[in-house]
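Working through the structure, step by step
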Amino acid sequence: MSKIFEPIELNNLKLKNRLVRSATWEGIAKPDGSIGNNMYQIYDEVSTGGIGLIITSFMSISDNDSDFVDIMRLSNDGLIPYYKKLTDIVHNNNCAIIAQIALGKYYKNGKHIEPDEMSVDDIKEVTNEFISAAKRAEIAGFDGVQIHAAHFFFLSRFISPLVNHRTDNYGGNSENRSRILVEIIQGIRKIAPNLHITTKINSSDFQYGGLDEKESLEICKILSKYGIDSIEVSGNGTSVPGIKPHKNEGYFVPFAKKLADTVETPVIVVGGLRSKDTMESILNTTNIKLLSLSRPLLREPDLPNKFFDNKSEISKCVSCNACYNSFEHRCPIRQRELQK
Ligand SMILES: Cc1cc2nc3c(=O)[nH]c(=O)nc-3n(C[C@H](O)[C@H](O)[C@H](O)COP(=O)(O)O)c2cc1C
């Protein structure tokens, strides 16, 4: 049997196969973070396509995270019913779902401030907002939460030596810069012990003076020590264009492989996975446990079923990134096909 379709059990999470839908921003939530039928339809479509686990798009932990007006939010209790409906739809389709909890930027009195300018009380406020959002995720029926520490959003900036120059317990070295992540993990574990807690992290910031692979590995080791349940490896410049099957697939696999050899924590890899045999080979020849896909599922939401039924060996996604600018971030090539 194909290893891709072997079930797996992680802490607080049972999956029917090794394929994960990586967080993919739809751009259709209302400014207050509520969602409607167009969002439910997207999650219904992806969860009937055979994927084992969906990680939602960026769900802000804060009501005043105001850079994006169209993101989902878990920032107040009034939003819980909207997301309970979402998790029910996905679970009814025999698929697990994790909420990606995130903060774009931190605003104090309406002004954006960077980690260096934050007081310890400000840091505690953000930490508590992450923990409260996770509790809401649990009440809404999510199987877990993904702490978004990648792509240079707030937490990714906080752990980066390029941005964080603090001289207190929250800056200066890997342990101090990752303390906020550890405190979020510990707080969530206490208040919602049945959630799977994962994180998405940059293998590298790919910027001079930023987080590099050596330090990212150090931080992952710390998170592993403090009981994170899985780690999804990404990096800045996350959606690399021009991926060709068997040529430049799986651009974060080398780091993810190293990480999976270093920590016991299950490792998920995302980024440019396009062919079934490459995916199979990653699972068979490395300690990486799960494979994550974003753009291929915009192109073909039922790609996992096609792989399973041997109806396809290669994703039709050409990694053009037109999805980033299209309505509901759908794949325009697929939309044209559907209209024919
Ligand atoms: C339209 C679009 C929206 C995305 N939104 C998110 C997001 O909300 N959070 C996140 O962590 N990554 C997001 N990503 C990045 C993907 O999760 C993934 O890491 C990246 O696209 C590489 O994987 P792929 O080659 O399978 O697309 C997004 C990607 C795309 C194409």
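Everything below is about the structure shown above.
Presented here is an overview of the structure given in this document.

This brings us to the overall build of the protein. Regarding its fold elements, the protein presents 12 helices and 13 strands. Relative to the compact-globule value of 20 Å for 340 residues, the protein shows a C-alpha radius of gyration of 19 Å, a close match. Principal-axis analysis of the C-alpha atoms gives the protein an extent of 55 × 40 × 35 Å. A separation threshold of at least 6 residues defines the contact pool for the protein, and within that pool the share at least 24 residues apart is 71%. The averaged location of the 42 negative side-chain charges in the protein is 4 Å from the averaged location of its 41 positive side-chain charges.

Here we take up the packing of helix 6 (residues 179-191) against helix 7 (residues 213-225). Two elements in contact, helix 6 and helix 7, have axes separated by 10 Å at closest approach and are oriented at 25 degrees. Classified by the angle between their axes, helix 6 and helix 7 sit roughly parallel to one another. In this structure, the crossing between helix 6 and helix 7 has a hand that is right-handed. On the side of helix 6, the interface is formed by Leu 181, Val 182 and Ile 185, while helix 7 contributes Ile 219, Ile 222 and Leu 223. Classifying every residue of the contact of helix 6 with helix 7 by side-chain character gives 6 nonpolar, no polar and no charged.

Attention shifts here to helix 2 (residues 80-92). In this model, helix 2 (13 residues) spans 18 Å end to end at C-alpha, consistent with the 18 Å of a helix rising 1.5 Å per residue. Elements that come into contact with the buried residues of helix 2 comprise helix 1 (37-47), strand 4 (53-60), strand 5 (72-73), strand 6 (96-102) and helix 3 (120-139).

For the structure shown, the criterion picks out 20 salt bridges. Glu 45 serves as the salt-bridge partner of Arg 334, at 2.9 Å between the closest nitrogen and oxygen. With a gap of 289 residues between them, Arg 334 in helix 12 (residues 332-339) and Glu 45 in helix 1 connect regions that are remote in the sequence. Look at Arg 334 and you get buried, because its relative accessible area is 12%. Classification of Glu 45 by relative accessible area gives partly exposed; the value is 24%. Ionic pairing is found between Asp 302 and Lys 306, a salt bridge with its closest N-O pair at 3.8 Å. Each of Glu 45, Glu 328, Arg 330 and Arg 334 takes part in one network of salt bridges that share partners.

About the thresholds
- Residues numbered from 1 in each chain as written.
- Predicted model: local features only at pLDDT ≥ 70, side-chain atom pairs only at ≥ 80, totals over all residues.
- Heavy atoms only, no water.
- Helix = DSSP H or I, 4+ residues; strand = E, 2+ residues; numbered from the N terminus.
- Rg over C-alpha atoms; globule rule 2.2 N^0.38 Å.
- Contact = heavy atoms within 4.5 Å.
- Lys, Arg positive; Asp, Glu negative; His and termini not counted.
- Charge placed at Lys NZ, Arg CZ, Asp CG, Glu CD.
- Axes fitted to C-alpha atoms, helices over the stretch in contact; angles between N-to-C directions.
- Parallel < 35°, antiparallel > 145°, perpendicular 65-115°, else oblique.
- Left-handed = near helix turned anticlockwise from the far one by under 90°.
- Nonpolar A, V, L, I, M, F, W, Y, C, P; charged D, E, K, R; others polar.
- Expected span 1.5 Å × (residues − 1).
- Salt bridge = Lys/Arg side-chain N within 4 Å of Asp/Glu carboxyl O.
- Buried < 20%, exposed > 50% of the residue type's maximum accessible area, 1.4 Å probe, protein only.

Honestly, that's just the spatial picture; any functional story needs more than this.
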